[in-house]
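So you can see what is in the structure, the chains are spelled out below.
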Amino acid sequence: MADDSKKAQGKERQTVVSVRFPAALLERIHAVAAVEGVTANTVIRDGMDNYLRDRVSSPEFQEASQAYLARAKAQVATALGDGTREGEHARV
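Residues numbered from 1 in each chain as written. Predicted model: local features only at pLDDT ≥ 70, side-chain atom pairs only at ≥ 80, totals over all residues. Heavy atoms only, no water.

Visitor: I tried to follow the overall build of the protein on my own but got confused; where do I start?
Guide: Looking only at helices and strands, the protein has four helices and zero strands in total. Classification of the 92 residues of the protein by burial places 10% in the buried group. Summed over its atoms, the accessible surface of the protein is roughly 8,300 Å², and 55% of this surface lies on carbon and sulfur atoms. (Helix = DSSP H or I, 4+ residues; strand = E, 2+ residues; numbered from the N terminus. Buried < 20%, exposed > 50% of the residue type's maximum accessible area, 1.4 Å probe, protein only. Areas by Shrake-Rupley, 256 points an atom, 1.4 Å probe, with all protein chains shown as cover.)

Right, dumping it as structure tokens:
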């Protein structure tokens, strides 16, 4: 499993986070790790990477992302008091 992207990922600065898993899910993670000969951390990182890649490319996420950006632009326009009414797009 050691390709160039995995080596590069291993050299990235990593941050420790605390995450709670249901016991059954953690058992599944450990089982996959044992079968593949990797750590549970690797299984979790790879799983999250795949999940996020799939999620971000989904039409639902793309739509939600555009809506989020539109709301953020409207909030900035309001905060700057540029005089645009809600529903109009301010040029930033």
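Read on, since the account is not over.
Visitor: What is the right way to look at the environment of Val43 in this model?
Guide: With respect to the helices and strands, the residue Val43 is situated in helix H3 (residues 40-56). The class of Val43 is buried, set by a relative accessible area of 16%. When the C-alpha positions of Val43 and Ile29 are compared, they lie 6.6 Å apart, and in sequence the two are 14 residues distant. Apart from the residues within four sequence positions on either side, Val43 is in contact with Ile29, Val32, Ala33 and Val38. (Contact = heavy atoms within 4.5 Å.)

Visitor: Could you clarify how one ought to interpret the pattern of salt bridges in this entry?
Guide: Opposite charge on two side chains allows them to pair when their charged atoms are near. A full pass over the atoms with the stated rule returns one salt bridge. Notably, a salt bridge pairs Arg53 with Asp49, separated by 2.5 Å at the nearest N-O pair. Taken together, the residues span about one helical turn, with Arg53 and Asp49 both in helix H3 at a distance of four residues. Given a relative accessible area of 41%, Asp49 falls into the partly exposed group. (Salt bridge = Lys/Arg side-chain N within 4 Å of Asp/Glu carboxyl O.)

Visitor: Help me understand the packing of helix H2 (residues 23-36) against H3 in this model?
Guide: Between two packed helices, both the angle of their axes relative to each other and the distance between the axes serve to describe the pair. Following both chains from N to C, one finds H2 and H3 inclined at 105°, their axes separated by 8 Å at the closest point. On the basis of their axis angle, the class for H2 and H3 is roughly perpendicular. Between H2 and H3, the contacting residues are Ile29, His30, Val32 and Ala33 on the first element and Ala40, Val43 and Ile44 on the second. Residue classes in the contact of H2 with H3 are distributed as six nonpolar, one polar and no charged. (Axes fitted to C-alpha atoms, helices over the stretch in contact; angles between N-to-C directions. Parallel < 35°, antiparallel > 145°, perpendicular 65-115°, else oblique. Nonpolar A, V, L, I, M, F, W, Y, C, P; charged D, E, K, R; others polar.)

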